[in-house]
Amino acid sequence: GQQVMQIPQYQHVQEGEDFTTYCNSSTTLSNIQWYKQRPGGHPVFLIQLVKSGEVKKQKRLTFQFGEAKKNSSLHITATQTTDVGTYFCAGTGTASKLTFGTGTRLQVTL
Amino acid sequence: DGGITQSPKYLFRKEGQNVTLSCEQNLNHDAMYWYRQDPGQGLRLIYYSQIVNDFQKGDIAEGYSVSREKKESFPLTVTSAQKNPTAFYLCASSTGTAFSRQPQHFGDGTRLSIL
């Protein structure tokens, strides 16, 4: 079945440093979504990408969808303590349902 | 305020017992989902429903059952056949049109443990 992997599993940064998480699918995706889950909370939708090579920005967050539509990345510029949480990508493959990635847990310290 | 309500927040199950997790939404969404989250892992789809009185198995349906008798409700039963039920269970919903392309809205989850 479709698999969506994310790397790294965990990253610890100092506040102000940049952070990137990568999402890789075993199959071509029609769309990719990104979610954030704060510690003890539930996932919250951030954004969706649907076009090959698409780039979208939300303040300090930059989301990219690969040209082959099999990978995606989320980059956070100048992290803040409010960025702490686990970031999940989720993509739709040939099974026409969303498959969540394994997640990247981000820890930010002062 | 519209949203998804899951209850209870914490649930304990004895060996051989079935338990039912509640999920109610007032977002008027057609599609609803159940996910299981284990520590340090992603979300795995248990069951989903795109419309009332219809539902499909997800990736890990064995040992679980669902019903969708009303648009706003999608309860999940964890049966005694599920040998490792300890996990965090999340319910979600989305609009039904091209449902895999719609953002999913999640409830606060139910944490199930074995006594």
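See above for the structure.
Described below are features of the structure shown in this document. (Residues numbered from 1 in each chain as written. Chains lettered and ligands numbered in written order. Predicted model: local features only at pLDDT ≥ 70, side-chain atom pairs only at ≥ 80, totals over all residues. Heavy atoms only, no water.)

1. Focus: the overall build of chain B
- If you tally the helices and strands in chain B, you get zero helices and 11 strands.
- Taken from the N to the C terminus, the helices and strands of chain B come in the order β-β-β-β-β-β-β-β-β-β-β.
- Structurally, chain B occupies a C-alpha span of about 40 × 30 × 25 Å along its principal axes.
- A fraction of 54% describes how many contacts in chain B between residues 6 or more apart in sequence connect residues 24 or more apart. (Helix = DSSP H or I, 4+ residues; strand = E, 2+ residues; numbered from the N terminus. Contact = heavy atoms within 4.5 Å.)

2. Thoughts on the packing of aromatic side chains
Residues and elements named next belong to chain A.
- Applying the stated criterion to the full structure yields 11 aromatic pairs over all chains.
- For the pair Phe 19 and Tyr 87, a centre-to-centre distance of 6.0 Å together with 45° between the ring planes defines the contact as tilted. Here the residue Phe 19 occupies a position in strand 3 (residues 19-25), and Tyr 87 occupies one in strand 9 (residues 85-92), the gap between them amounting to 68 residues.
- We classify Tyr 87 as buried; its relative accessible area is 1%.
- Both rings, one in Tyr 35 and one in Phe 45, keep their centres 5.6 Å apart while their planes meet at 70°; by these two values the pair is edge-to-face. With a gap of 10 residues between them, Tyr 35 in strand 4 (residues 31-37) and Phe 45 in strand 5 (residues 43-49) connect regions that are remote in the sequence.
- Accessibility expressed as a relative area gives 26% for Phe 45, which makes it partly exposed. (Phe/Tyr/Trp six-rings, centres within 6.5 Å; stacked < 30°, edge-to-face > 60°. Buried < 20%, exposed > 50% of the residue type's maximum accessible area, 1.4 Å probe, protein only.)

3. Regarding the interface of chain A and chain B
- The partner chain B presents 20 residues to the 19 residues of chain A that form the contact.
- Carbon and sulfur atoms make up 52% of the surface buried where chain A meets chain B, a total of about 1,600 Å² over both sides.
- Counting the surface chain A buries against chain B, the share from its top three residues, His 42, Lys 97 and Phe 100 of chain A, is 33%.
- Our enumeration of links across chain A and chain B arrives at one salt bridge.
- Here Asp 59 of chain B makes a salt bridge to Lys 97 of chain A, at a shortest N to O gap of 2.9 Å.
- At the surface where chain A touches chain B, the tally comes to nine residue pairs in polar contact (both at pLDDT 80 or more).
- At the level of secondary structure, the elements contributing two or more residues to the side of chain A that touches chain B comprise strand 4, strand 5, strand 9 and strand 10 (98-100) of chain A.
- When residues in the side of chain A that touches chain B are grouped by element, the largest group, four residues, is from strand 4 of chain A.
- Across the side of chain A that touches chain B, the residue classes break down as seven nonpolar, 11 polar and one charged. (Buried area = accessible area lost by both parts, 1.4 Å probe. Salt bridge = Lys/Arg side-chain N within 4 Å of Asp/Glu carboxyl O. Polar contact = N/O pair within 3.5 Å; in protein donor to acceptor, adjacent residues only side chain to side chain. Nonpolar A, V, L, I, M, F, W, Y, C, P; charged D, E, K, R; others polar.)

4. Quick look at the state of the cysteines
Residues and elements named next belong to chain A.
- Scanning the entire structure with this criterion turns up two disulfides over all chains.
- Residue Cys 23 pairs covalently with Cys 89 via a disulfide, S to S 2.0 Å. With the S-S bond torsion at 75°, the cross-link from Cys 23 to Cys 89 turns out right-handed. Residue Cys 23 is found in strand 3, and its partner Cys 89 is found in strand 9; the two are separated by 66 residues along the sequence. (Disulfide = S-S within 2.5 Å.)

5. Comments concerning the sheet that holds strand 1 (residues 4-7) of chain B
All names here are of chain B.
- Ordered in space as 1-3-8-7, the four strands form an open sheet in which the pairing is antiparallel. The sheet terminates laterally at strand 1 and strand 7 (64-66), the two strands that pair on one side only. Adjacent strand axes in the sheet meet at a mean angle of 20°, parallel and antiparallel pairs treated alike.
- Where strand 7 meets strand 8 (residues 76-78), three bridges bridge the pair, whose relative direction is antiparallel. Bridged to Val 66 within strand 8 is Leu 76. (Pairing = 2+ DSSP bridges. Axes fitted to C-alpha atoms, helices over the stretch in contact; angles between N-to-C directions.)

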